[in-house]
Each structure stands twice: as structure tokens, then as C-alpha cells.
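Structural description and commentary
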Amino acid sequence: MEAGPRDREPTAAPDTRAELSEDLQADPPGLSPDGPEEQTATPEVEVELRPPRRLRIWQLAPIVILAAVGSLMFAFPLAFGTADVGAVVAMLGLLLSSCAAGWGMMAARRVGHTWPGLAGRASGERQDWRVVALYAVVAVAVVVLAIWRVARLR
């Protein structure tokens, strides 16, 4: 077994184009003009031809509808500052939007998508704690700002 190019004996390289073309025209061992010999033929390997898993429209539609309804319920009371019922409707909208986001993340994870910076599901790599901490800080900041805005309605 050769370890590298330094362990080999130096061989003389062909100097002219004629010698090189003769080497290229010679049949490699195990090949005939008709094709490979039966003894050297490798068995065929079956390959899976299924397309990669993707989110389908019937999976995405309820998530998008729930997120749209939740965000509208959250936005309108905050924008127009209605009476005491506005805070309740806004919190319900925030809850629906959060549910839609979680549902969407779980569906995406099921088909193999990951958040940027995080390792894939079956990659065997560990998650980087800094990326996880960054995502947690951003999520907590968004929730705190939303709750603070709804609390100001009262």
C-alpha cells in the first residue's frame, strides 16, 4: 500500500506526443473493444429516486391562515386602542400567532429544515450554545415587547 507520492519509484514520463497518444489508445486491463469483460463488471446498485421531502400546500395553508388571523387580532387592538376588550383580543392574537409559529417550526423540522446556524436533525453535530442563546434572547425580547405593548392598552 502506497502512502504518498514520495514512496513511489520515479518513473520516466513520456517525452513526446506520440508516446502519450499510444498510451491513451491502449485499452485498460479488463476492457475489450466491446465493453468491460464479464468478470470485471460491477453489480448494479439501486438508488432511491424519491424527491426530497418538502412542505406541501395542505400543511402550509392552516399555518399561514392561523398566523394571519392571529397577527390581525394582535395588530388591530394595538393600532386603534379600543376599550378594555382590546387587550384581551390582542393577547389572544399573540397566542394564535405564537401557536402558528410553533406549528410551522415543527412542520419544517419534520421535513428536515433547520434554523440558520443550527445543526441538522440527523447530522450528529452538537448545537452551538451561542446560536441557541441568541435565538432565545431574540424570542424573549419579542415576547416582552409584545406583552409590554398590550399592558399599555390598559
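Please refer to the structure higher up on the page.
To start, this report covers the structure provided alongside it. Within each chain, residues carry numbers counting from 1 in the order of the written sequence. This being a predicted model, a pLDDT of at least 70 is required before a residue's local features are given, and a value of 80 or more before pairs of side-chain atoms are given or counted; all residues contribute to the totals for chains, interfaces and linings. The side-chain numbers reported here are obtained from all heavy atoms of the structure, hydrogens and water having been left aside.

1. Here's the deal with the packing of aromatic side chains
Each pair of aromatic rings is reported with the distance of its centres and the angle of its planes. Here a Phe, Tyr or Trp ring, Trp counted by its six-membered ring, pairs with any other such ring whose centre lies within 6.5 Å, and the pair is stacked when the planes are under 30 degrees apart, edge-to-face when over 60, and tilted otherwise. Under the criterion given, the structure shown has one aromatic pair. Considering the side-chain rings of W115 and Y135, the 4.9 Å spacing of their centres and the 65° angle between planes classify their relative orientation as edge-to-face. One end of the pair, W115, is in the loop between helix 3 (85–110) and helix 4 (129–151); the other, Y135, is in helix 4, with 20 residues separating them in the sequence. Only protein chains enter the area calculation, which uses a 1.4 Å probe; residues under 20% of their type maximum are buried, those over 50% are exposed, and those in between are partly exposed. On the basis of relative accessible area, W115 is assigned to the partly exposed category, the value being 43%. Think of it this way: any DSSP run of H or I at least four residues long counts as a helix, any run of E at least two long counts as a strand, and we number them from the N terminus.

2. Digging into helix 2 (residues 57–80)
Expected span, for any helix, means 1.5 Å times one less than how many residues it has. For helix 2, with 24 residues, the first-to-last C-alpha span of 34 Å sits near the 34 Å given by 1.5 Å per residue. Turning to helix 2, the residues buried within the fold contact helix 3 and helix 4. Throughout, a residue-residue contact means that at least one pair of heavy atoms, one from each residue, lies within 4.5 Å.

3. Observations regarding the nonpolar core
Core analysis: the largest hydrophobic core is formed by seven residues, namely F74, L78, A87, A90, L94, A146 and V150. Counting only elements with at least two residues in this core, the list comes to helix 2, helix 3 and helix 4. Looking at this core element by element, the count peaks at three residues for helix 3. Nonpolar cores are built from buried Ala, Val, Leu, Ile, Met, Phe, Trp, Tyr and Cys residues. Side-chain atoms within 4.5 Å join them into one set.

4. Considering the pattern of salt bridges
Salt bridges are counted wherever a side-chain nitrogen of Lys or Arg sits within 4 Å of a carboxyl oxygen of Asp or Glu. Using the criterion set out here, one finds one salt bridge in the structure. Of the charged contacts, one joins R130 and D128 as a salt bridge, the two residues approaching to 3.4 Å between their closest N and O atoms. Exposure remark for R130: the relative accessible area of 54% places this residue in the exposed category. In this structure D128 comes out as partly exposed when scored by relative accessible area, which is 27%.

5. Structural notes on the packing of helix 3 against helix 4
Only the contacting stretch of a helix is used when fitting its axis, a line to C-alpha atoms as for every element, and angles between N-to-C directions run 0 to 180 degrees. Two elements in contact, helix 3 and helix 4, have axes separated by 9 Å at closest approach and are oriented at 165°. Here helix 4 runs roughly antiparallel to helix 3, going by the angle between their axes. For helix 3 against helix 4, the interelement crossing comes out right-handed. Between helix 3 and helix 4, the residues in contact are A87, A90, M91 and L94 and A146, I147 and V150, respectively. Any angle that is under 35 degrees is reported as roughly parallel, and any over 145 degrees as roughly antiparallel; angles of 65 to 115 degrees are reported as roughly perpendicular and all others as oblique. It is the rotation of the near helix from the far one that decides the hand of a crossing: anticlockwise by less than a right angle makes it left-handed, clockwise makes it right-handed.

6. Things to note about a nonpolar patch on the surface
Together, I57, W58, L60 and V64 line one region of the surface with nonpolar side chains, adding up to about 470 Å² of accessible area. Relative to the helices and strands, W58 is located in helix 2. In this scheme, patches are assembled from residues that exceed 30% relative accessible area and form no salt bridge. Like charges are connected within 9 Å, while nonpolar side chains (Val, Leu, Ile, Met, Phe, Trp, Tyr) are connected within 5 Å. Each accessible area is a Shrake-Rupley result for a 1.4 Å probe, and residues are judged covered by the shown protein chains and nothing else.

7. Focus on the layout of surface pockets
Put simply, the grid is 1 Å and covers the protein atoms alone, a cavity is a trapped set of points that fit a 1.4 Å probe, a pocket is an open set with protein on both sides within 12 Å along at least five of seven lines, and lining residues have an atom within 4 Å of a point. Grid points are joined across faces, edges and corners, and a volume is the space filled by probe spheres set on the points. Size it by volume and the largest pocket reaches roughly 220 Å³. The wall of the largest pocket is formed by S98, A101, G102, M105, W115, L118, V132, Y135, V138, A139 and V142. Secondary structure elements with two or more residues in the lining of the largest pocket: helix 3 and helix 4. Looking at the lining of the largest pocket residue by residue, the class counts come to nine nonpolar, two polar and no charged. Its volume calculated, the second largest pocket comes out at about 180 Å³. Looking at the second largest pocket, the residues that line it are M105, M106, A108, R109, H113, T114, W115, L118, A119 and Q127. Nonpolar residues are Ala, Val, Leu, Ile, Met, Phe, Trp, Tyr, Cys and Pro. Charged residues are Asp, Glu, Lys and Arg, and all others, Gly as well, are polar. Class assignment of the residues belonging to the lining of the second largest pocket gives a composition of six nonpolar, three polar and one charged.

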